[in-house]
Amino acid sequence: MTAIQELPRDQQTMERIVEQMLDEARKSGAESAEAAASNDLGLSVNVRLGEVETLEHHKDQGVAITVYFGRRKGTASTSDLRPEALREAVQAACRIARYTAEDPYAGLADPALMARDWPDLDLDHPWDLSVEQAIELAQCCEAAARNHDARIINSEGASANTVRGLVVYGNTHGFLGAYTTTRHSLSCSVVAADDKGMQRDYWYTVSRDPAGLQAPDAVGLEAARRAVRRLGGRRLSTRQCAALYVPEMARSLIGHFVGAVRGGALYRKASFLVDALEQDIFPSFVRIHEQPHLKGALGSLPFDSEGVATTPRDVVSGGVLKGYVLDSYSARRLGMTTTGNAGGVHNLTIEPGDLDLDGLLRSMGSGLLVTELIGHGINLVTGDYSRGAAGFWVENGEIAWPVEEITVAGNLRDLFKGIRAVGSDVNTDSNIRTGSLLLERVTVAGE
Amino acid sequence: MSDILQVAKQQFMEPAGLSEGDLDRALGGLMGPGIDAGDLYFQLTRHESWSLEDGIVKDGSYNIEQGVGVRAISGDKTGFAYSDDIRMPTLLEASAAARAIARQNTTGAVAVRRHQIGHQLYAPLDPLATLDERAKIDLLHRVDAEARRQDPRVSQVMVSLNGVHEVIMVANTDGTLAADVRPLVRLGVNVIVEGKDRRREQAQGGGGGRVGYGYFLDEDRALEYARDAVRQALVNLEAVDAPAGTLTVVLGPGWPGVLLHEAVGHGLEGDFNRKGTSAFSGRIGQKVAAEGVTVVDDGTLADRRGSLNVDDEGTPTQCTTLIENGVLRCFMQDRLNARLMGVPATGNGRRESYAHLPMPRMTNTYMLAGEHDPGEILESVERGLYAVNFGGGQVDITSGKFVFSASEAYLIENGRVTRPVKGATLIGNGPEVLNRVSMVGNDLKLDNGVGTCGKEGQSVPVGVGQPTLRVDGLTVGGTST
């Protein structure tokens, strides 16, 4: 196998599989049903110390079916796409629906909300990448990292990945939609050392279009730069101070916001933002909006995982919470309408401000620049937040020295309210697009 | 064991029309000049899940996956391909793709003749069939009722029941053939309570193992999970802000052993140490923990979530002493890293599925008991934190920095456990933290069987455990300064 071009099964074949499953469900007595099928092909190469370490050929496929008998629901999935396996999956879903309870809120999304026609979102850019070329890219990436600085003493390797996938979704409203997407990435992780110990860091680039990737040597160089600058890390004394989260970390804070305004958390009252609609959650300069139809973006999709048309909208405007993140089930529970977010948000964008990272550092004066977070200390019911962190102490607007083995803590409500600026340094590598975030105050625990 | 092998052969070989000779041919297609080893990993998993909320069982799902992963190893290079189709043409195609790592076109000859016998740590049963559907639904309702019965402040109860029936078979180019049938069940309870001024809190309970669903009915275990979740949530409703700073921390027995998993476990996995990227690299024979601290990784405990009769490379699991009385003794190895480091494999080669490559992973990791009474340990602390329940953790194996997040903790004041404090993340340095263990309790306990470990995107079930421990100086990430 060389290039990731032709998927094992084409769109027509996969559409037929979905239709057959829906037919089988109807024949088995289901009033309504929905099915999704996917089919991926990928290549992944990891190179370490100049030599190939792993070469993986990926080929994944699967189907899932959900049936409704009245308001009783059953789900089944399989990786086996042969006709008898598909029939068995439908039967398994129907059998489960005999035992689940009537749930007045269960069912497909409203037929009126189904996507009808959608623009080409420019998400499919297959990469004619041979194994040899993939190896060469990864080698070039790692070499740039290893040659950058004598303190780079080891490597966890560099990798080149490409994957192309087709998703088909259909339901008994008559909706049948499909999209093909590609995702390519290069990444590199190296180890720097001095007499005090080792530090590892990484960098990566990801894009739907190979032309959108950063150059391999730039990725390697950034990984090396990041590892070296962590050397000599010290702890901080316990204190309260301002914090500046770089975009890759700021993204996780916005992720916690999304978690707290998700329908599932709201109807269970498992969120600190229950009933927060129309409240000031952020300072008035903050706008957060969804852009599902951005051409070529990693979070763009024409319809959500219930077939509902995705639409651009404001989630936060003037700092005020304007909308939740709902699928049809949680929307019915809340007496609202789905926001087309079954499966997640689509290019949720924090409107960038004017200052770049240097500008934000100057604006902060002194405080903590957070470049890494570890652990899961987030309680979305209360908003209590406490995570391990590493980064840099900043004095007079300039990076003074690296910091490690500390925690940052606060309550998310206060952290959101305490955002002082959004950077212009937007990172577009994910479903959440944000620049750096300057926070007025966090509690740092250290020595 | 030969029964288990028969089950596996019936599952994988008969329907696909494969003979042992075909396995030889596929492995032969994998071998050749430049290839040191290779394997075919056949796997079937059937998974079901039932979930209850608002007092009704709303969701049920069933998933079935089957496939084969084909791996060829040349030195430290690995070629890998997989397919959900396990018939001969696909096997040969995958073998050729995997072998391309050695850039040689000649193939070798292999004869699968030796059946690797594994342990018999758990019954080779299909847990999905151990209760009928009505009884599964009834179990969920009873857990819900038990949780709600505890206290009127319980506002939401979510209960989930999961069962996995997994059959694996590994044919290795060294001529061995091994198989395992692995049941795995888990029951989880999540409760939300609402107190004064609409303050809300949550807590989780649960457990499981390599058993049938009857385990949850025995000794009313499932009901105990519900009671414990409610108790924890109500404690948290009264919790004050956690302290921020470096304190003496007493860790309770059982699940707080996640400390060991993060602080030392990952850093002692063979791959990181072969590559020299772990903070523990090159430290075998050195003192990495206080005297009296002995940590093992034991894949041979009966019915435990982290146990395996054979690992995913067909090596029987074992009890490996990682740290003995404070001294680093051994790393955890899969076959690739063991061979490259010139040491024996330790039965720690694990993979999430046939579509993933194996690597060294933990099984059940725990610290042996010491001699102190837990009460005596608490009484010895003038001011500190007593942490008894945890969420997850994470580690940077190169710098050694690790975190784990307390979900139930109390202040210790003058040797007495006083007020509950809110959840907080604890951070430390792996190679240092066990040197600060000043007292080890006599109350070794293993966790209830809920742990899942993630590494390089692959999840596997694991266990942890420890006795009550006093650690002199861990950084507590609260907000109260």
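All figures in this text were calculated on a predicted structure; none of them were measured in a lab.

About the thresholds
Residues numbered from 1 in each chain as written. Chains lettered and ligands numbered in written order. Predicted model: local features only at pLDDT ≥ 70, side-chain atom pairs only at ≥ 80, totals over all residues. Helix = DSSP H or I, 4+ residues; strand = E, 2+ residues; numbered from the N terminus. Rg over C-alpha atoms; globule rule 2.2 N^0.38 Å. Buried ≥ 20, exposed ≤ 12 C-beta atoms within 10 Å, placed from the backbone. Contact = placed C-beta atoms within 7 Å. Nonpolar A, V, L, I, M, F, W, Y, C, P; charged D, E, K, R; others polar. Pairing = 2+ DSSP bridges. Domains from an automatic or database assignment. Axes fitted to C-alpha atoms, helices over the stretch in contact; angles between N-to-C directions. UniProt positions renumbered as here; feature names shortened; annotations may be inferred. Core = buried A, V, L, I, M, F, W, Y, C linked by C-beta atoms within 7 Å. Parallel < 35°, antiparallel > 145°, perpendicular 65-115°, else oblique. Left-handed = near helix turned anticlockwise from the far one by under 90°.

**Student:** Quick question: what am I supposed to make of the overall build of chain B here?
**Tutor:** A count of helical and extended segments in chain B gives 11 helices and 24 strands. Scaling as 2.2 N^0.38, a compact globule of 481 residues should have a C-alpha radius of gyration of about 23 Å, and chain B matches this with 24 Å. For the C-alpha atoms alone, the extent of chain B along its principal axes is close to 70 × 55 × 35 Å. For chain B, the proportion of its 481 residues judged to be buried stands at 60%. If you take every contact in chain B between residues at least 6 apart in sequence, the share linking residues at least 24 apart comes to 76%.

**Student:** Help me out: how do you make sense of the interface of chain B and chain A in this one?
**Tutor:** Interface size, as often reported, equals the accessible area lost upon joining of the parts. Taken together, the 62 residues of chain B in the interface contact 59 residues of chain A. Top contributing element to the side of chain B that touches chain A by residue count: strand E2 (residues 56–74) of chain B, with 12 residues. Its residues assigned to classes, the side of chain B that touches chain A shows 19 nonpolar, 30 polar and 13 charged. Here four bridges tie strand E3 (residues 72–78) of chain A to E2 of chain B, and the two strands are oriented parallel to one another.

**Student:** Help me understand the domain arrangement of chain B in this model?
**Tutor:** Residues and elements named next belong to chain B. Annotation of chain B at the domain level lists domain 1 (2–237) and domain 2 (244–477). Computed from C-alpha coordinates alone, the two centres of domain 1 and domain 2 are separated by 23 Å. Contact residues are listed per partner, giving 39 residues for domain 1 and 29 residues for domain 2. For the side of domain 1 that touches domain 2, the secondary structure elements donating two or more residues are strand E1 (37–53), E2, strand E3 (77–83), strand E5 (154–172), strand E6 (176–194), strand E7 (200–209) and helix H6 (221–237). When residues in the side of domain 1 that touches domain 2 are grouped by element, the largest group, seven residues, is from E6.

**Student:** Explain the domain arrangement of chain A here, please?
**Tutor:** Residue and element names in this part refer to chain A. By domain assignment, chain A separates into domain 1 (11–229) and domain 2 (233–447). Placing a centre on the C-alpha atoms of domain 1 and another on those of domain 2 gives a separation of 24 Å. Taken together, the contact between domain 1 and domain 2 spans 23 residues of the former and 20 residues of the latter. Listing elements by their share of the side of domain 1 that touches domain 2, those giving two or more residues are strand E4 (152–171) and strand E5 (176–194). Classifying every residue of the side of domain 1 that touches domain 2 by side-chain character gives 16 nonpolar, two polar and five charged.

**Student:** Teacher, can you tell me more about the sheet that holds strand E23 (residues 463–466) of chain B here?
**Tutor:** Neighbouring strands of a sheet are bound in pairs by backbone hydrogen bonds; such pairs are parallel or else antiparallel. Residues and elements named next belong to chain B. Strand order in the open sheet formed by six strands is E11-E10-E9-E14-E23-E20, with mixed pairing between adjacent strands. At either margin of the open sheet sits one strand with a lone partner, and together these are strand E11 (327–328) and strand E20 (445–446). With three bridges connecting them, strand E14 (residues 364–367) and E23 associate as parallel partners. Counted as the bridge partner of Asn364 is Gly463 from E23. Along the sheet, helix H7 (residues 258–265) contacts strand E9 (295–298), strand E10 (319–324), E14 and E23; its crossing angle with E14, the most-contacted strand, is approximately 100°.

**Student:** Please clarify how the UniProt feature "domain: Metalloprotease TldD/E N-terminal" (unreviewed entry) in chain A should be interpreted in this entry.
**Tutor:** Per the UniProt record, the feature "domain: Metalloprotease TldD/E N-terminal" (unreviewed entry) sits at residues 33–97 of chain A. As a span, residues 33–97 of chain A carries 23% helix and 65% strand, and end to end its C-alpha atoms are 11 Å apart.

**Student:** Would you explain the nonpolar core in this entry?
**Tutor:** For soluble globular proteins, nonpolar side chains are generally found buried alongside one another. Membership of the largest hydrophobic core comes to 237 residues, with the highest contact counts inside it found for Tyr245 and Val370 of chain A together with Val191, Val249, Ala409 and Val476 of chain B. Apart from the residues within four sequence positions on either side, Val476 of chain B is in contact with Ala445 of chain A together with Ala242, Pro243, Ala244, Gly245, Leu247, Val249, Leu385, Ala424 and Leu426 of chain B. Listed in part, the 35 residues of the second largest apolar core include Val18, Ala36, Ala106 and Leu166 of chain A.

**Student:** I would appreciate a short explanation of the sheet that holds strand E10 (residues 320–321) of chain A in the present structure.
**Tutor:** Residue and element names in this part refer to chain A. With mixed pairing, the five strands of this open sheet are ordered in space as E10-E9-E8-E11-E17. Each of the sheet's edge strands pairs with one partner strand only, and the pair in question is E10 and strand E17 (432–433). With three bridges joining them, strand E8 (residues 288–290) and strand E11 (residues 348–350) adopt antiparallel strand pairing. In the strand pairing of E11, His289 is matched with Thr349.

**Student:** Could you clarify how one ought to interpret the pairing of strand E7 (residues 239–245) of chain A in this entry?
**Tutor:** Regular strands place side chains that alternate from one sheet face to the opposite one. Residues and elements named next belong to chain A. Across six bridges, E7 lies against strand E18 (residues 437–445) in antiparallel orientation. Pairing of Cys241 across the sheet is with Val442, part of E18. Pairing analysis gives three bridges linking E7 to strand E12 (residues 367–374), with the strands arranged parallel. Directly across from Leu244, in E12, lies its bridge partner Leu369.

**Student:** I would appreciate a short explanation of H7 of chain B in the present structure.
**Tutor:** Think of an α-helix as turning once every 3.6 residues; residues three or four places apart then point the same way. Among the eight residues in H7 of chain B, eight count as buried, and that is most of the element. For H7 of chain B, the set of buried residues is Val258, Leu259, Leu260, His261, Glu262, Ala263, Val264 and Gly265 of chain B.

**Student:** Would you mind showing me how to read the environment of Asn429 of chain B here?
**Tutor:** Counting through the fold element by element, Asn429 of chain B comes out in strand E18 (residues 424–429). Look at Asn429 of chain B and you get buried, because 20 C-beta atoms sit within 10 Å. Once the C-alpha coordinates of Asn429 of chain B and Val462 of chain B are considered, the two residues, 33 residues apart in sequence, prove to be 22 Å apart. Other than its neighbours up to four places away in sequence, Asn429 of chain B contacts Glu405 of chain A together with Gly400 and Lys401 of chain B.

**Student:** Help me understand the UniProt feature "domain: Metalloprotease TldD/E N-terminal" (unreviewed entry) in chain B in this model?
**Tutor:** Sequence positions flagged by UniProt for "domain: Metalloprotease TldD/E N-terminal" (unreviewed entry) are, in local numbering, residues 39–102 of chain B. Secondary structure across residues 39–102 of chain B comprises 19% helix and 64% strand; the distance between its end C-alpha atoms is 15 Å.

**Student:** Quick question: what am I supposed to make of the packing of helix H2 (residues 20–30) of chain B against helix H3 (residues 88–99) of chain B here?
**Tutor:** To characterise two packed helices, one gives the angle between the axes of the helices and the distance between these axes. All names here are of chain B. The contact between H2 and H3 brings their axes to 8 Å, and the two run at 20°. Taken together, the axes of H2 and H3 lie roughly parallel to each other. You can see that H2 and H3 cross each other, and the crossing is right-handed. In contact with Asp22, Ala26, Gly29 and Leu30 of H2, H3 contributes Met88, Leu91, Leu92, Ser95, Ala96, Ala98 and Arg99. Residues that form the contact of H2 with H3 fall into these classes: seven nonpolar, two polar and two charged.

**Student:** How should I be thinking about the UniProt feature "domain: Metalloprotease TldD/E central" (unreviewed entry) in chain A in this particular structure?
**Tutor:** On the UniProt side, "domain: Metalloprotease TldD/E central" (unreviewed entry) is annotated at positions that read residues 124–231 of chain A here. Taken as a whole, residues 124–231 of chain A contains 30% helix and 46% strand, while its terminal C-alpha atoms sit 41 Å from one another.

**Student:** I would appreciate a short explanation of the UniProt feature "domain: Metalloprotease TldD/E central" (unreviewed entry) in chain B in the present structure.
**Tutor:** The sites that carry the UniProt feature "domain: Metalloprotease TldD/E central" (unreviewed entry) are, in the present numbering, residues 127–237 of chain B. A distance of 37 Å separates the end C-alpha atoms of residues 127–237 of chain B, which is 35% helix and 43% strand.

**Student:** Got a minute to help me understand the environment of Val7 of chain B in this structure?
**Tutor:** Residue and element names in this part refer to chain B. As for its placement among the helices and strands, Val7 is situated in helix H1 (residues 2–16). In sequence terms Val7 and Ile168 are 161 residues apart; their C-alpha atoms lie 9.6 Å from each other. Beyond its immediate sequence surroundings of up to four residues, Val7 is in contact with Pro124, Val167 and Val181.

**Student:** Before we go on, may I ask you to explain the packing of helix H3 (residues 131–148) of chain A against helix H4 (residues 216–229) of chain A in this structure?
**Tutor:** Residues and elements named next belong to chain A. The contact between H3 and H4 brings their axes to 7 Å, and the two run at 35°. The crossing of H3 and H4 is right-handed. Where H3 abuts H4, its residues Leu137, Cys140, Cys141, Glu142, Ala143, Ala144, Ala145 and His148 lie against Pro216, Asp217, Val219, Gly220, Leu221, Ala223, Ala224 and Arg225. For the contact of H3 with H4, the class distribution of residues is 11 nonpolar, two polar and three charged.

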